[in-house]
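# Tertiary structure, described
Chain residues, written in single-letter form:
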Amino acid sequence: MAMGKYSRVDGKKSSGYGLTITIVLVVSLCLVGAWMFMSSWSAPTESVDFSSNQTPKDVETTTKTYFTNEESDKGSKTEETEVVTESNEEKPDPESSGEEKTEQVEEKKEFEDKNGEGDRKDGEGESESDETKQKEKTQLEESSEENKSEDGNGTEENTEENTEKKTEDSAGETEENTEKSTGDQAEITKESSSGSGAWSTQLVESQNEKKAQVSSIKWKVCNVTAGPDYIPCLDNWQAIKKLHSTKHYEHRERHCPEESPTCLVSLPEGYKRSIKWPKSREKIWYNNIPHTKLAQVKGHQNWVKMSGEYLTFPGGGTQFKNGALHYIDFLQESYPDIAWGNRTRVILDVGCGVASFGGYLFDRDVLALSFAPKDEHEAQVQFALERGIPAMSNVMGTKRLPFPGSVFDLIHCARCRVPWHIEGGKLLLELNRALRPGGFFVWSATPVYRKTEEDVGIWKAMSKLTKAMCWKLMTIKKDKLNEVGAAIYQKPMSNDCYNQRSQNEPPLCKDSDDQNAAWNVPLEACMHKVTEDSSKRGAVWPESWPERVETVPQWLDSQEGVYGKPAQEDFTADQERWKTIVSKSYLNGMGIDWSNVRNVMDMRAVYGGFAAALKDLKLWVMNVVPIDSADTLPIIYERGLFGIYHDWCESFSTYPRTYDLLHADHLFSALKKRCSLVSAMAEVDRILRPQGTFIVRDDMETIGEIEKMVKSMKWNVRMTHSKDGEGVLSVQKSLWRPTEVETVTWAIA
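All figures in this text were calculated on a predicted structure; none of them were measured in a lab.

### Quick notes on the nonpolar core
Among the nonpolar cores identified, the biggest contains 125 residues, and Trp420, Phe441, Phe668 and Phe694 are the most heavily contacted of them. Here this core gets six residues from one element, more than from any other, and that element is helix 20 (residues 677-687). If we ignore the near neighbours within four places in the chain, the residues touching Phe668 are Met603, Leu677, Ala680, Met681, Val684, Phe694, Val696, Asp698, Thr702 and Ile706. Formed by 21 residues, the second largest nonpolar core is a distinct cluster that contains Leu331, Tyr360, Val366 and Ala368.

### Examining the state of the cysteines
Tallied over the entire structure, the rule returns six disulfides. In this model, Cys509 is linked to Cys526 through a disulfide, with the two sulfur atoms separated by 2.0 Å. When the S-S torsion is 90°, as for the bridge of Cys509 with Cys526, the disulfide is right-handed. Within this pair, whereas Cys509 is found in the loop between helix 15 (496-500) and helix 16 (567-586), its partner Cys526 is found in the loop between helix 15 and helix 16, the two being separated by 17 residues in sequence.

### Some points on helix 16
An α-helical turn contains 3.6 residues, so any two residues separated by three or four positions project in the same direction. With 20 residues, helix 16 ought to run about 28 Å at 1.5 Å a step, and its terminal C-alpha atoms sit 26 Å apart, in line with that. All of the buried residues in helix 16 are Ala567, Asp570, Phe571, Ala573, Asp574, Gln575, Arg577, Trp578, Ile581, Val582, Ser585 and Tyr586. The inward-facing, buried residues of helix 16 abut helix 17 (609-613), helix 18 (633-638), strand 18 (659-665) and strand 19 (688-699).

### A few points about the sheet that holds strand 8 (residues 346-350)
Across a sheet, strands are paired by hydrogen bonds formed along the backbone, either parallel or antiparallel in direction. The seven strands lie next to each other as 10-9-8-11-12-14-13, forming an open sheet whose pairing is mixed. Two strands close off the open sheet at either side, each with one partner strand: strand 10 (391-393) and strand 13 (472-479). Taken pair by pair, the neighbouring strands of this sheet meet at an average axis angle of 20°, ignoring direction. When strand 12 (residues 435-444) meets strand 14 (residues 484-490), the two strands line up antiparallel, connected through four bridges. Opposite Phe440, over in strand 14, you have Gln490 as the bridge partner. Each of strand 11 (408-414), strand 12, strand 13 and strand 14 touches helix 9 (residues 324-334); the most contacted strand, strand 13, lies at about 135° to it.

### What about the packing of aromatic side chains?
Any aromatic ring pair is given by two values, namely how distant the centres are and how the planes are angled relative to each other. Tallied over the full model, the rule gives 26 aromatic pairs. Consider the rings of Tyr335 and Phe440, whose centres lie 5.5 Å apart with planes at 70°: the pair is edge-to-face. With Tyr335 in the loop between helix 9 and strand 8 and Phe440 in strand 12, the pair connects residues that are 105 residues apart, well separated along the chain. Tyr335 sits in the buried class, given a relative accessible area of 15%. Each member of the aromatic cluster is reached from another via a ring pair, and the members are Phe320, Tyr327, Phe330, Trp340 and Phe357. Here the basic side chain of Lys283 rests over the ring of Tyr310, its NZ or CZ set 4.3 Å away from the ring centre. Taking the ring centre of Trp736 as reference, the NZ or CZ of Lys714 above it sits at 5.8 Å.

### What to know about empty space enclosed by the protein
In this approach a probe as big as a water molecule rolls over the atoms, and the regions it shows empty are the leftover space. The full count for this structure, using the stated rule, is eleven cavities of 30 Å³ or more. Roughly 280 Å³ of volume is contained in the largest cavity. The wall of the largest cavity is formed by 20 residues, among which Arg254, Asn394, Arg400, Pro402 and Asn520 lie closest to the centre. Listed by contribution, the elements that provide at least two residues to the lining of the largest cavity are strand 10 and strand 17 (643-646). For the lining of the largest cavity, the residue count by class is ten nonpolar, five polar and five charged.

### Focus: the pattern of salt bridges
Taken as a whole, this structure holds 25 salt bridges when the rule is applied. A salt bridge links Asp409 to Arg436; the shortest N-O distance between them is 3.1 Å. Here Arg436 lies in strand 12 and Asp409 lies in strand 11, a separation of 27 residues in the sequence. The exposure class of Arg436 is buried, given its relative accessible area of 2%. Arg674 is the partner of Asp628 in a salt bridge, and the nearest nitrogen-oxygen pair spans 3.0 Å. Of this pair, Asp628 sits in the loop between strand 16 (620-626) and helix 18 while Arg674 sits in the loop between helix 19 (668-671) and helix 20, placing them 46 residues apart in sequence. Salt bridges sharing common partners tie together Asp409, Arg436, Arg548 and Glu638.

About the criteria used
Residues numbered from 1 in each chain as written. Predicted model: local features only at pLDDT ≥ 70, side-chain atom pairs only at ≥ 80, totals over all residues. Heavy atoms only, no water. Core = buried A, V, L, I, M, F, W, Y, C linked by side-chain atoms within 4.5 Å. Buried < 20%, exposed > 50% of the residue type's maximum accessible area, 1.4 Å probe, protein only. Helix = DSSP H or I, 4+ residues; strand = E, 2+ residues; numbered from the N terminus. Contact = heavy atoms within 4.5 Å. Disulfide = S-S within 2.5 Å. Expected span 1.5 Å × (residues − 1). Pairing = 2+ DSSP bridges. Axes fitted to C-alpha atoms, helices over the stretch in contact; angles between N-to-C directions. Phe/Tyr/Trp six-rings, centres within 6.5 Å; stacked < 30°, edge-to-face > 60°. Lys NZ or Arg CZ within 6 Å of the ring centre and 35° of its normal. 1 Å grid on protein atoms, 1.4 Å probe; cavity = no way out; pocket = protein on both sides within 12 Å on 5 of 7 lines; lining within 4 Å. Points joined across faces, edges and corners; volume = space filled by probe spheres on them. Nonpolar A, V, L, I, M, F, W, Y, C, P; charged D, E, K, R; others polar. Salt bridge = Lys/Arg side-chain N within 4 Å of Asp/Glu carboxyl O.

Printed below as a string of structure tokens:
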């Protein structure tokens, strides 16, 4: 029988037939499956929840931008734009995601806004590395080593970098002064490569609680004896009443409460915006500081007088009734090597009164930091600051002044009422610590030129003391116009005299005694040897002003900088960065009327680059180096600028409403690890003048917390900007005060 082609000889069906059946079945099943799938599918609704547990999907990223440009002289113009960027793309697998995050970390993109704020490259980041922190001593470490016996004051604070990853919830709604591309605005969501299931984390719980506390703040006005002049660390009456002695002015020293207040200080009735410099040097609004006692007591010495709605300042003082400028020139003529504004740039004025001496030294390119206690000379320091003159409340009591050693070019005392000669000269020895080798001490007091029995006795005691301290009396001159005299001494620049003394009295300090340790360190009646090694600070006088402000100190050569580079390179990079930020952003991009800015504070100064960038404006900057930051304050003084150590967990030694602009560069993200951010913001409110400006640069989580707080105080957010998890916030304080009152029991006399 003939067989067809490809037919099986066994009579069974061929494989081609079976294949056909298989294909038909598969196609049928696919059609049925497709029909079933389509019949059960429905479009997703808008309520899909991208929870934090859904790691395969990228959460929605939203950025809102509000452009606000508020001119000081004109009505405000507000324009709002909103950009929403959404991403529901599948994320790569965890390994790929980890690689991408590693690349992002390695890139270390530093914050720079479109107004020209410079890059921080190769380690110029806002926060120091752990390795750098180990090498750079902080004021807290220096002071605690010097004063280990002080309970509570010498405890080292942990300054480690927080390694926890910050969520960036606050990036959802930001206000900024420049338009940016959508790519810049979109925040990158950082997620763990391992799923967290239904479990929450301690980080999320803690952050949510902190945000809830911030959002629930109910501000109240402080009910205190000092009223609108309240200084928490100087008005702690509960602590003052418990003092065993006030012999050494302990009652004028700082006594900070265990918990800083969170209430807001009231405004004086009829308060007005401060008069602009330089008119403020001659007059201020009476309603801003309604105190007349000093005008009654010192009016005949031309300190201050009442004149209608003003308090006027003729420019006089106890030692210069005929004006400060005449007295300033008298000192220069008495000893020309003083060289105001050239060799002598940064000075300390002790017992300053209303600080007219420092106020008129601006005409000679000299920065004078004046201080006096909060005492019976009612509001003297407050008057000085309202006039636009650098001043602070402090007293020469039982502790070192909050300055490094060997930094002031000249120290001045005109009838400052300090008993220099008693108790082994302990107080004069403290000035010796702060005075630069080769610097001058100007003493204009009655023992110099009067011949009463008391004055003669004091002069003899001072002569003996200064000779034993190896201070050389350069000259004694009498000002015929004011009928006063001045003695000018110079501190030695070598140790020859110390080594040749027949008696070790006053004694030299131990080699272990750190002259830079100054935070809550008790006074000692000893002298530090001067540095003779030209590679160390203090051995060589700084460059003349103004060259010194941009000159890298030679003694930085062997050190590592705060940002990780060699110190001299670090210094230069920081200087250029702040020049760029200030010129392209702060001066032109934030809507700040700089004619209203006179008193400025950098709340976390490093090298003083921010202050140096503002040197050509008619203002001054108080550079604050926090006690848990690298101790760079000596560098700031070397540049011809000044500053102070401070712990921002406590109140600053100044009156309320004394600064026009506060600047905080990566301060609060570190501060909130140690103390309450709410009390820190209450302190910011206390020292900033109404209508003053507050600029914060920090991570976006911290920026978000601060923004919520300032909004709750009815402040005007002028600008916010964010990029790569970093942000800048600029706000203007309002005149708003709460209606509810909080009594601060320890501040009631």
